[in-house]
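# Fold and geometry: a report
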Amino acid sequence: MNGDDNNGKLHLYEPVYSMYGLQIFSSLLIFALFLSRKVFDLFFNARGRSHRICGATHLCWLSLGAISVIQPRYDNDYFWKTKCLLYDIVLGILGMVTTVTAARDFP
């Protein structure tokens, strides 16, 4: 799927468009957070540090999963299924750890 199969016209379902959308959304989110007046309280306060670290790890894992779905590089179906299963298990564990640290840090 190289995008020029239809007489030089690009298809709207190309993975490139999804990747650009993800990058634009992430950039706007980061820009909005740093324009916020509460940026110091959100990221640099001592309270809830473990929850922030777990949440950032969870967000990075979600981003990694989104990128691997947008750009799959697997010829082996068994490898793809195993990778998805491991991704789901780790995602669940990170979600539970993030929830537990929120309950512990913010009583």
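Everything that follows concerns the structure shown earlier in this document.
To keep things clear, this report deals only with the structure shown in the data block.

We now examine the overall build of the protein. Scanning the protein from terminus to terminus reveals 4 helices and 0 strands. Taking all 107 residues of the protein together, 16% fall into the buried category. Looking at the protein alone, contacts between residues at least 24 apart form 60% of all its contacts between residues at least 6 apart.

For the rest of this paragraph, the subject is the packing of aromatic side chains. Here the structure, examined in full by the defined rule, presents 1 aromatic pair. When the centroid spacing of 5.6 Å and the interplanar angle of 15° are considered together, the rings of W61 and Y87 count as stacked. Of this pair, W61 sits in helix α3 (residues 49–70) while Y87 sits in helix α4 (residues 77–105), and the two are 26 residues apart along the sequence. When its relative accessible area of 25% is taken as the criterion, W61 is described as partly exposed.

Before going further, it helps to spend a moment on the side chain of T98. Here T98 lies in helix α4. At 2.7 Å, the side chain of T98 and the backbone oxygen of L94 are in polar contact. Every residue in contact with T98, bar those within four places of it in the chain, is listed here: H51, C54, G55 and H58.

Let us look at the side chain of D105. If you trace the backbone, D105 turns up in helix α4. A distance of 2.6 Å separates polar atoms of two side chains, one belonging to D105 and the other to S50. A polar contact of 3.4 Å, which involves the side chain of D105, links it to the side chain of R104. Not counting the four nearest positions on each side in its chain, D105 is found in contact with R47, G48, R49, S50 and H51.

Now for a nonpolar patch on the surface. On the surface, L85, L86, I89, I93, M96 and V97 cluster together into a nonpolar patch covering about 570 Å² of accessible area. Relative to the assigned elements, L86 resides in helix α4.

Along the chain, H51 falls in helix α3. The spatial distance from the C-alpha of H51 to the C-alpha of A102 is 5.5 Å, given a sequence separation of 51 residues. Sequence-distant contacts of H51, defined by excluding residues within four places in its chain, comprise T98, T101, A102, D105 and F106. For H51, the side chain forms a polar contact with the side chain of T101, separated by 3.3 Å.

Let us now look at the environment of N45. On the secondary structure map, N45 appears in the loop between α2 (39–43) and α3. The class of N45 is partly exposed, set by a relative accessible area of 32%. Once residues within four sequence positions are removed from consideration, N45 is found in contact with F40 and R52.

What counts, and where the lines are drawn
Residues numbered from 1 in each chain as written. Predicted model: local features only at pLDDT ≥ 70, side-chain atom pairs only at ≥ 80, totals over all residues. Heavy atoms only, no water. Helix = DSSP H or I, 4+ residues; strand = E, 2+ residues; numbered from the N terminus. Buried < 20%, exposed > 50% of the residue type's maximum accessible area, 1.4 Å probe, protein only. Contact = heavy atoms within 4.5 Å. Phe/Tyr/Trp six-rings, centres within 6.5 Å; stacked < 30°, edge-to-face > 60°. Polar contact = N/O pair within 3.5 Å; in protein donor to acceptor, adjacent residues only side chain to side chain. Patch = residues over 30% accessible without salt bridge, like charges linked within 9 Å, V, L, I, M, F, W, Y side chains within 5 Å. Areas by Shrake-Rupley, 256 points an atom, 1.4 Å probe, with all protein chains shown as cover. Salt bridge = Lys/Arg side-chain N within 4 Å of Asp/Glu carboxyl O.

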